[in-house]
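Below are the chains, spelled out letter by letter.
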Amino acid sequence: MQPPTVPVENFIILSAVLFIMGILGVLVRRNAIMIFMSVELMLNASNLALVAFARQWGDMGGQMTVFFVISIAAAEVAVGLALIVAIFKTKKTIDIDELNTLKG
Amino acid sequence: MENFASLVPLVILIPFTGSLINLFLGRYLNERMIGTVASGAAGIAFVIAATMTFAMPRFGYEGVVVNPPILDSWLYIPSAALNIPWQLRVDTLSLTMMLVVTGVGTLIHIYAIGYMHGDSRFARFFVYLNLFLGFMLILVTGNNLLVTFVGWEGVGLCSFLLIGFWFDKKHGVGWKNSNAARKAFIVNRVGDFGFLMAIFLTFWTFGTLDYYKPGEHIPGPVHGETVTIEPGAVASSDTHGASTETVTDKGIFGKAEDLLAEGGHIVHFGPFSLSLEAVLTIITLFMILGVTGKSAQIPLFVWLPDAMAGPTPVSALIHAATMVTAGIYLITRNSVFFHAAPLSSAVVTLVGAVTALIAGFIAVGQWDIKRVLAYSTVSQLGFMVAAVGLGGYAAGMFHLVTHAFFKALLFLGSGSVIHAVEHGHHHAHAHGDHGDQGHEEETPFDPQDMRNMGGLARKMPITFWTYLIGTLALAGIIPLAGFWSKDEILGKAFNGGFNDGKIEGFIALGLLIVAAAFTAFYMWRQIRLVFLGKPRTAAAEHAPENGALMTFPLVVLAVLSVLGGLLNIPLGVNIPLVPNEILTLWLEHSVPYTKGLEFNFLLAVTATVIAVAAIFVADRLYSPEPLTKTGKDKLEATGLRAYFRLANAKLYWDETYFRLLENPYNRLSKWLANVVDWDWWHDRFHNNVIRDTFNRLAGFLANPVDRGAIDKAFLRLGDAVAAIGGRLRGLQTGYIRTYVFTMLVGALIVIFLILLPLLRQAVGR
């Protein structure tokens, strides 16, 4: 008896919803940690899409790419959190609206 | 001969080496060593020249062209048609000159050690003196006109340096000395112009400047026979492997002879042409101009009397014995040309004879002991020039040699007198007024003025007796050297007039006999003024005889002045053990058209009688005391006052030159300097034309072009960039979300563009 298969469209819709949530989080949140988490959300949304398509086409390339994305995201988190700590040490805040030194 | 002739570079090199040694080491050497180096250099050169002379007979008196080692490849001027090798010629003529220059030069060097003792520039004096010897030897040994010219200019330079040697004397004498040096140099430039023109014309005409090519025999009849040239003889007399040049390649004289023998040759000078004979006449006339400069003939003799400003050894060596005879050497060397140009020869004769007379006349009225000798030199050079003009090349050279002996003797004697009188002056001064010591006198004492002398015969016996010998030799008293040489010149003039029917022969004979009378007269006047009578000043009273360094050359030269005549005893006079015409036969091997001369008894007697009579007249006139009570010349007390004044003023010759040439020239140069150059060129042209035009052009470029157009355009551009930038800066809000949103929109646009073909397909389907 075969387990019931979830159609790929569901995964894609979930992925798209997660991605849009990530985008909105980046655009509207002011807390740097929250923006960071939103970025993670976007990354994982794309990961979800990749594995879904990998399963659909039976191509392990998608899954492999996901491993790369996860490992690079880990590195990115390390760098990003370090940046945030550094910003907090100088600015005493992690409100990104305060970081407008590049204003023209 | 080639082995011995190849010594000739040494003759030139050794004086130059002596000069260099004294130049660089002179400051470390004492006077004795400097003098030894300089005199030694001259002496060694003399020994070498003598060696070559004694080698001459063994090689048939054949002249040889020598390529000096090293120099011939260094100093070589190759050009399209110009080929001037640095070659030297050793033949009987150049050897004669070498012997005179180095022989008399050595004696004068020795004398100068004594004369220049204590001079502050002792070493420099001998540097110049040796340098002069070197250049003089280049002059007489050069195998082409250009090498001769190098020597010619070199001796002119040394003459300039030595005339002005005491340029720093006090009381304005230094100024006079350096002016005399400049005068000599500038007057000689006029003559050099003539020489240069002669060189250019010779090159244009013959395509070469060499006197003789290596291995070439002298042209013209020698001993009345035609010289046939065998190829073997050419090769054997060839020196340094120049045997590729065949005998057909001849020097200027050989070419001139060949072309003249063919006849009818025309020389083309661009738009006009002249016959070869006419060109030779022009060349020789230009040469005569050079000769009148260097050998102090009319019209360029004015520098020589002033040149006596130099130290006396210089006057003896350069301005009596050697350099001034370069002109006679030049004419003798170019005798082929002068033989072919009878007009030029006539001009030479007349120039010489007139110079002899006029200079002799002026010498009568001079007070300066050296000036008398200077005019005497001019006069005697006139004799020589007249002789070579009459074709008496041997006679001219003979007189050149004997004159070198007795005139060097007289100059050195006068130097001895001047030296002694200066010493006597210091001596008398030191014993006289002690309060005067320490500051200069008001009126400087002139040790050369014969009025300050008198009675020196007893004080300076050696100087007196040698001077007397020189005087008698110069006056032409038998049997001294001057008698024979002067008689030969008079004989040439006599022959030229009576035998050849030349009008210039008669003129020269008359002028020269009168000049000879003047010679005897002014020389005896000098003896009376300087040596006889009573001392007229304290300086003359205390004049001492000079040391052996100065008297030894006097004695040697006196002996030569006595015996010099034996060099060329004319035919018809028999002297035991002495052959006749040694010099003439010797010179025949290198100077074509040299002829000997029969002794003319009548002429000799006449000349001697005139000389003796002149001496007698002078003796009566100037004894017992040569001056009148008011300190004037005895001549002035007689009816000949006007003539004496004229002679004393040197015939106003210098003043005439000033009036005619120098003043107009000065006025012209002043006008050119003040009016043309300063007023017009500087003020008008520079200011108005060049400066104002430049200013206007610069103003135009600066204001309308640069500031108006170029600057404005770039300012506008800058403004525009700033305005655009101001607008664009509003995009940079500094809020991260703005940037993220922009990125999102951009990504969406990119995705849309990627998907666009798919959409199209979907719509199209």
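As the structure is a prediction and not an experimental result, all values here were calculated from the model.

Asks: So what's going on with the overall build of chain B? Residues and values would help.
Replies: Assigned secondary structure in chain B consists of 30 helices and 6 strands. Relative to its length of 765 residues, chain B is extended, with a C-alpha radius of gyration of 38 Å against a globular reference of 27 Å. Principal axes of the C-alpha set define a box for chain B whose edges measure 150 × 80 × 50 Å. Scored against the burial criterion, the 765 residues of chain B give a buried share of 53%. When contacts within chain B are restricted to residue pairs at least 6 apart in sequence, those whose partners lie at least 24 apart make up 80%. Counting every atom, chain B has about 33,600 Å² of accessible surface; 68% of that belongs to carbon and sulfur. Measuring between centres, the 52 positive side-chain charges of chain B sit 12 Å from its 53 negative side-chain charges.

Asks: I'd like a description of the overall build of chain A, backed by residues and values.
Replies: Helix and strand counts for chain A stand at 3 helices and 0 strands. Its C-alpha radius of gyration of 18 Å places chain A more than 25% over the 13 Å reference for a compact globule of 104 residues. Expressed along its principal axes, the backbone C-alpha trace of chain A runs to roughly 60 × 25 × 25 Å. Taking all 104 residues of chain A together, the buried fraction comes to 25%.

Asks: I'd love a proper account of the environment of Val190(B), names of residues and values included.
Replies: Residues and elements named next belong to chain B. In this structure, Val-190 sits in helix H8 (residues 173–206). For Val-190, a relative accessible area of 40% translates into the label partly exposed. Each C-alpha atom of the pair Val-190 and Gly-134 lies 24 Å from the other, and the pair is 56 residues apart in sequence. For Val-190, the residues in contact, after removing those within four places along its chain, are Leu-289 and Leu-300.

Asks: I'd like a rundown of the packing of helix H7 (residues 145–163) of chain B against helix H13 (residues 312–321) of chain B, residues and numbers included.
Replies: Residue and element names in this part refer to chain B. In contact at an axis separation of 11 Å, H7 and H13 are set at 155° when each is read in the N-to-C sense. When the axes of H7 and H13 are compared, the pair comes out roughly antiparallel. At the point where H7 passes H13, the crossing takes the left-handed sense. Counted together, Ser-159, Leu-162 and Ile-163 of H7 and Val-314, Ile-318 and His-319 of H13 form the full contact between these two elements. Across the contact of H7 with H13, the residue classes break down as 4 nonpolar, 2 polar and no charged.

Asks: Can you lay out the interface of chain A and chain B for me, pointing to particular residues and giving the numbers?
Replies: At the interface, 13 residues of chain A touch 11 residues of chain B. Approximately 1,000 Å² of surface area, both sides summed, lies buried where chain A meets chain B, with 63% of it carried by carbon and sulfur atoms. Linking chain A to chain B there are 1 salt bridge. With a shortest N-O distance of 3.2 Å, Asp97(A) and Arg737(B) are connected by a salt bridge. Summed over the shared surface of chain A and chain B, the number is 2 residue pairs in polar contact (both at pLDDT 80 or more). Residue composition of the side of chain A that touches chain B, grouped by class: 7 nonpolar, 2 polar and 4 charged.

Asks: Let's hear about the side chain of Arg333(B): which residues, and what values?
Replies: All names here are of chain B. Locating Arg-333 in the fold gives a position in helix H14 (residues 326–333). With a relative accessible area of 2%, Arg-333 lands in the buried category. Polar contacts involving the side chain of Arg-333 include one to the side chain of Asp-91, which spans 2.8 Å. With sequence-adjacent residues up to four places away left out, Arg-333 is seen in contact with Arg-89, Asp-91, Leu-93, Ser-94, Val-140, Tyr-211, Tyr-212 and Phe-253.

Asks: Help me get a handle on the pairing of strand E6 (residues 272–275) of chain B, residues and values and all.
Replies: Residue and element names in this part refer to chain B. Bridge count for strand E5 (residues 266–269) against E6 is 4 bridges, and the pairing is antiparallel. In the strand pairing of E6, Phe-269 is matched with Phe-272. Here E5 folds back onto E6 in antiparallel fashion, the turn holding 2 residues, of which Gly-270 has a positive phi close to 55°.

Asks: Can you explain the side chain of Thr312(B)? Please cite residues and give values.
Replies: Residue and element names in this part refer to chain B. Within the secondary structure layout, Thr-312 lies in helix H13. There is a polar contact of 3.4 Å between the side chain of Thr-312 and the side chain of Lys-370. Those residues within four positions of Thr-312 in sequence are excluded, and the remaining contacts are Tyr-115, Lys-370, Phe-411, Ser-414, Gly-415 and Ile-418.

Asks: Explain a nonpolar patch on the surface to me, and be specific about the residues and the numbers.
Replies: Residue and element names in this part refer to chain B. A contiguous nonpolar patch, built from Phe-741, Val-745, Leu-748, Ile-749, Val-750, Ile-751, Phe-752, Leu-753, Ile-754, Leu-755, Leu-758 and Leu-759 and spanning about 1,100 Å² of accessible area, is present on the exposed surface. Positionally, Ile-749 belongs in helix H30 (residues 736–764). Judged by relative accessible area, Ile-749 falls into the partly exposed class, the value being 46%.

Asks: Break down the domain arrangement of chain B for me, with residues and values.
Replies: Taken as a whole, chain B is organised into domain 1 (2–248 + 272–425 + 446–648), domain 2 (656–731) and domain 3 (735–765). A straight line from the C-alpha centre of domain 2 of chain B to that of domain 3 of chain B covers 66 Å.

Asks: Residues and numbers for helix H29 (residues 653–728) of chain B, please.
Replies: Between its terminal C-alpha atoms H29(B) stretches only 99 Å, short of the 112 Å expected from 76 residues at 1.5 Å a residue. By the largest-angle criterion, His686(B) marks the main kink of H29(B), which is about 50°.

Asks: I'd like a rundown of the pattern of salt bridges, residues and numbers included.
Replies: This model, assessed by the stated rule, comprises 17 salt bridges over all chains. A salt bridge links Arg30(A) to Asp97(A), with the shortest nitrogen-to-oxygen separation between them at 3.5 Å. Here Asp97(A) lies in the segment after helix H3 (60–91) and Arg30(A) lies in the loop between helix H1 (8–28) and helix H2 (32–57), a separation of 67 residues in the sequence. Given the relative accessible area of 46%, Arg30(A) is considered partly exposed. Its salt-bridge partner being Arg333(B), residue Asp91(B) comes within 2.8 Å of it at the nearest N-O pair. Of this pair, Asp91(B) sits in the loop between strand E4 (88–90) and helix H5 (92–115) while Arg333(B) sits in helix H14, placing them 242 residues apart in sequence. Like Arg333(B), Asp91(B) is buried. Shared partners join several salt bridges into a network, and the residues in it are Lys183(B), Asp306(B), Arg371(B) and Asp654(B).

Asks: Let's hear about the packing of aromatic side chains: which residues, and what values?
Replies: All names here are of chain B. Per the counting criterion, the structure on display carries 33 aromatic pairs over all chains. Both rings, one in Trp-204 and one in Phe-269, keep their centres 6.4 Å apart while their planes meet at 25°; by these two values the pair is stacked. Remark: Phe-269 occurs in strand E5 and Trp-204 occurs in helix H8; sequence separation between them is 65 residues. A relative accessible area of 15% places Phe-269 in the buried class. Both rings, one in Tyr-211 and one in Phe-253, keep their centres 5.7 Å apart while their planes meet at 5°; by these two values the pair is stacked. Of this pair, Tyr-211 sits in the loop between H8 and helix H9 (231–236) while Phe-253 sits in helix H10 (residues 252–262); the two residues are 42 residues apart in sequence, bridging distant segments of the chain. Of the two residues, Tyr-211 and Phe-253, both sit in the buried class. An aromatic cluster is defined as three or more aromatic residues linked by ring pairs; in this entry it consists of Phe-122, Phe-125, Phe-126, Tyr-128 and Phe-165. For Arg-121, the ring lying beneath its charged end belongs to Phe-165, and the centroid distance is 5.2 Å. Lying across the ring of Trp-367, Arg-525 places its NZ or CZ 5.0 Å from the centre.

Asks: An account of the nonpolar core is requested, with residue identities and associated values reported.
Replies: Residues and elements named next belong to chain B. Within the largest apolar cluster, 199 residues are counted, with the highest numbers of intra-cluster contacts made by Met-136 and Leu-456. The greatest single-element share of this core, amounting to 18 residues, is contributed by helix H18 (residues 393–431). Those residues in contact with Met-136 that sit more than four places away from it in its chain are Met-97, Val-101, Val-155, Thr-322, Met-323 and Ala-326. In terms of nonpolar packing, the next biggest core, distinct from the first, is built from 19 residues, Phe-383, Ile-489, Ile-513 and Ala-516 among them.

Asks: Go over the confidence of the model for chain B, please, and point to the residues and values.
Replies: Residue and element names in this part refer to chain B. When pLDDT is averaged along chain B, the result is 86; 92% of the residues meet or exceed 70. Within the model, the stretch residues 221–247 combines pLDDT values under 50 with 22 contacts to residues more than four positions away or in other chains. When the criterion is pLDDT under 50, residues 433–442 qualifies, and its contacts beyond four places in sequence or with other chains add up to 7 contacts.

Quick notes on the rules
- Residues numbered from 1 in each chain as written.
- Chains lettered and ligands numbered in written order.
- Predicted model: local features only at pLDDT ≥ 70, side-chain atom pairs only at ≥ 80, totals over all residues.
- Heavy atoms only, no water.
- Helix = DSSP H or I, 4+ residues; strand = E, 2+ residues; numbered from the N terminus.
- Rg over C-alpha atoms; globule rule 2.2 N^0.38 Å.
- Buried < 20%, exposed > 50% of the residue type's maximum accessible area, 1.4 Å probe, protein only.
- Contact = heavy atoms within 4.5 Å.
- Areas by Shrake-Rupley, 256 points an atom, 1.4 Å probe, with all protein chains shown as cover.
- Lys, Arg positive; Asp, Glu negative; His and termini not counted.
- Charge placed at Lys NZ, Arg CZ, Asp CG, Glu CD.
- Axes fitted to C-alpha atoms, helices over the stretch in contact; angles between N-to-C directions.
- Parallel < 35°, antiparallel > 145°, perpendicular 65-115°, else oblique.
- Left-handed = near helix turned anticlockwise from the far one by under 90°.
- Nonpolar A, V, L, I, M, F, W, Y, C, P; charged D, E, K, R; others polar.
- Buried area = accessible area lost by both parts, 1.4 Å probe.
- Salt bridge = Lys/Arg side-chain N within 4 Å of Asp/Glu carboxyl O.
- Polar contact = N/O pair within 3.5 Å; in protein donor to acceptor, adjacent residues only side chain to side chain.
- Pairing = 2+ DSSP bridges.
- Patch = residues over 30% accessible without salt bridge, like charges linked within 9 Å, V, L, I, M, F, W, Y side chains within 5 Å.
- Domains from an automatic or database assignment.
- Expected span 1.5 Å × (residues − 1).
- Bend = angle between axes of the 7 residues up to and from the residue.
- Phe/Tyr/Trp six-rings, centres within 6.5 Å; stacked < 30°, edge-to-face > 60°.
- Lys NZ or Arg CZ within 6 Å of the ring centre and 35° of its normal.
- Core = buried A, V, L, I, M, F, W, Y, C linked by side-chain atoms within 4.5 Å.
- pLDDT = per-residue confidence, 0-100.

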